[in-house]
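# Fold and contact review
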Amino acid sequence: MMEVKTRTVRSLVNKLSSVSEKSQIESICELRLMSKHDPESRSLIAESGALPILTETLFSSSEIAQENAVATLLNISISNRDILMSTRGLLDALSHLLRLPSATASSIQTASATLYSLLVVDQYRPIIGAKRDIVFALIDIIKNPNSPPRSIKDALKALFGISLYPLNRSTMIDLGVIPALFALIVKDGRIGIVEDATAVIAQVAGCYESGDEFKRVSGIGVLMDLLDFSTGCSSRTRENSISALLNLIQSCDEVMTLEIKKVCSSAALDGVTDIVENGSSKAKSKASSLLTILDKGGYQDLYEIQE
């Protein structure tokens, strides 16, 4: 059976170099279906020499070729991240697709999802985060009022993966991620998108450069509003907001802590208290730390509590 699959993959890869565009596209479509429905085929495709050709196809003028090529790359990334990441020009090709005005929503979503899949691997986060054009393109997607919800969610997931590497956060801030995220929360309001946006905010808050940007967009007030039950936010959104506030306290100076305490309302405290009582085990600990600081403690209490 494996020999049959190997021959099939080899035949399809040979057709990728055909002078006939129709044959090329048919081959790419077949490889997409194989990589989607047959996990065993992913390694065969990855090791067959197809990846450089599929990567180059992202620069094609054919929307069908682009969509199927990037979908094949996404499927391969599920189990063959190392060989995919080592493919020459891959990140440049994904960046091109993300920034291409004529790219379909499906191609943009899949390119973002491919990046998120690669970002599962710790050592790839600094590499991808160093590509400013990729970070800029992802931020542009969440800023664009015409972006479909799915495109926004996939871009947010990729930004979250990038933000998990601390040294990427200042780059994200420099490229305008904080105003884009808070605008999304204030103007969009869809639960899933707000949850994903606050997850990125919580990570980005963990660097010193975040303080001024949060003040500039009244971010602390927005986070406090999200903690208020009357805004109807999910538990996950409130947990993310608590993480963001704690990270701000840890990464910035005492002035930020005083600002957070000043903006805090009784309704926000009720939201934090609810997470202390009903949140996940990790969130309970963070909420308890924040509650102590907001209710009676000071700047140093966070470190004493978490020791």
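Residues numbered from 1 in each chain as written. Predicted model: local features only at pLDDT ≥ 70, side-chain atom pairs only at ≥ 80, totals over all residues. Heavy atoms only, no water.

In the annotation of an unreviewed UniProt entry, the chain is listed under the name U-box domain-containing protein and assigned to Papaver somniferum.

The next thing to look at is unusual backbone geometry. Of note, serine 218 is a non-glycine position whose phi angle comes to about 55°, a positive value. As for its position among the elements, serine 218 is in the loop between helix H15 (210-216) and helix H16 (219-227). (Helix = DSSP H or I, 4+ residues; strand = E, 2+ residues; numbered from the N terminus.)

Right, let's talk about the domain arrangement of the chain for a bit. On domain assignment, one finds that the chain holds domain 1 (48-175) and domain 2 (178-295). The C-alpha-based centres of domain 1 and domain 2 are spaced at 28 Å. Opposite the 16 residues of domain 1 that make contact, domain 2 presents 18 residues. Both faces considered, domain 1 and domain 2 share a buried interface measuring about 1,400 Å² in area, 75% of it formed by carbon and sulfur atoms. On the domain 1 side of the contact with domain 2, Leu156, Arg169 and Ile173 bury the most area, a combined 41% of that side's loss. The interface formed by domain 1 and domain 2 holds 1 salt bridge in total. Those elements giving two or more residues to the side of domain 1 that touches domain 2 turn out to be helix H10 (132-143), helix H11 (149-163) and helix H12 (169-174). If one sorts the elements of the side of domain 1 that touches domain 2 by residue count, H11 sits on top with 8 residues. For the side of domain 1 that touches domain 2, the residue count by class is 10 nonpolar, 2 polar and 4 charged. (Domains from an automatic or database assignment. Contact = heavy atoms within 4.5 Å. Buried area = accessible area lost by both parts, 1.4 Å probe. Salt bridge = Lys/Arg side-chain N within 4 Å of Asp/Glu carboxyl O. Nonpolar A, V, L, I, M, F, W, Y, C, P; charged D, E, K, R; others polar.)

Moving on: the packing of aromatic side chains. Across all of its chains, the model carries 1 aromatic pair by this definition. Considering the side-chain rings of phenylalanine 182 and phenylalanine 214, the 5.3 Å spacing of their centres and the 85° angle between planes classify their relative orientation as edge-to-face. Of this pair, phenylalanine 182 sits in helix H13 (residues 177-187) while phenylalanine 214 is found in helix H15, placing the two residues 32 residues apart along the sequence. This pair shows no difference in class: phenylalanine 182 is buried, exactly as phenylalanine 214 is. (Phe/Tyr/Trp six-rings, centres within 6.5 Å; stacked < 30°, edge-to-face > 60°. Buried < 20%, exposed > 50% of the residue type's maximum accessible area, 1.4 Å probe, protein only.)

Moving on to the pattern of salt bridges. In the structure shown here, the tally under the stated rule is 13 salt bridges. For the salt bridge of glutamate 40 with lysine 5, the shortest nitrogen-to-oxygen distance reads 2.6 Å. Of this pair, glutamate 40 sits in helix H3 (residues 39-46) while lysine 5 sits in helix H1 (residues 2-15); the two residues are 35 residues apart in sequence, bridging distant segments of the chain. Here lysine 5 falls in the buried class, since its relative accessible area comes to 12%. Glutamate 26 serves as the salt-bridge partner of lysine 22, at 2.7 Å between the closest nitrogen and oxygen. Separated by 4 residues within a single helix, lysine 22 and glutamate 26 lie in helix H2 (residues 21-37), roughly one turn from each other. Exposure remark for lysine 22: the relative accessible area of 58% places this residue in the exposed category. Beyond isolated ion pairs, a larger network of salt bridges with shared partners links Lys153, Glu195, Asp196 and Arg236.

This next bit is on the side chain of glutamate 239. Looking at where glutamate 239 falls in the secondary structure, it is placed in helix H17 (residues 235-251). No salt bridge forms around the buried glutamate 239; measuring N to O, its nearest opposite-charge neighbour arginine 236 is 7.2 Å away. Not counting residues up to four positions away in its chain, the partners in contact with glutamate 239 are Ile275, Gly279, Ser280 and Ala283. (Lys, Arg positive; Asp, Glu negative; His and termini not counted.)

What follows is about the packing of H2 against H3. Viewed as axis vectors pointing N to C, H2 and H3 meet at an angle of 130°, and their least axial separation amounts to 5 Å. On the basis of their axis angle, the class for H2 and H3 is oblique. Side by side, H2 and H3 meet where Leu31, Met34, Ser35, Lys36 and His37 of the first sit next to Pro39, Ser41, Arg42 and Ile45 of the second. The class makeup of the residues in the contact of H2 with H3 is 4 nonpolar, 3 polar and 2 charged. (Axes fitted to C-alpha atoms, helices over the stretch in contact; angles between N-to-C directions. Parallel < 35°, antiparallel > 145°, perpendicular 65-115°, else oblique.)

Quick look at the UniProt feature "domain: U-box" (unreviewed entry) in the chain now. Mapped onto the present numbering, the UniProt feature "domain: U-box" (unreviewed entry) falls on residues 9-291. Its end C-alpha atoms 58 Å apart, residues 9-291 is made of 76% helix and 0% strand. (UniProt positions renumbered as here; feature names shortened; annotations may be inferred.)

With respect to the helices and strands, the residue lysine 153 is situated in helix H11. Taking the relative accessible area as the measure of exposure, lysine 153 reaches 25% and is therefore partly exposed. If sequence neighbours within four positions are ignored, lysine 153 has contacts with Gly192, Ile193 and Asp196.

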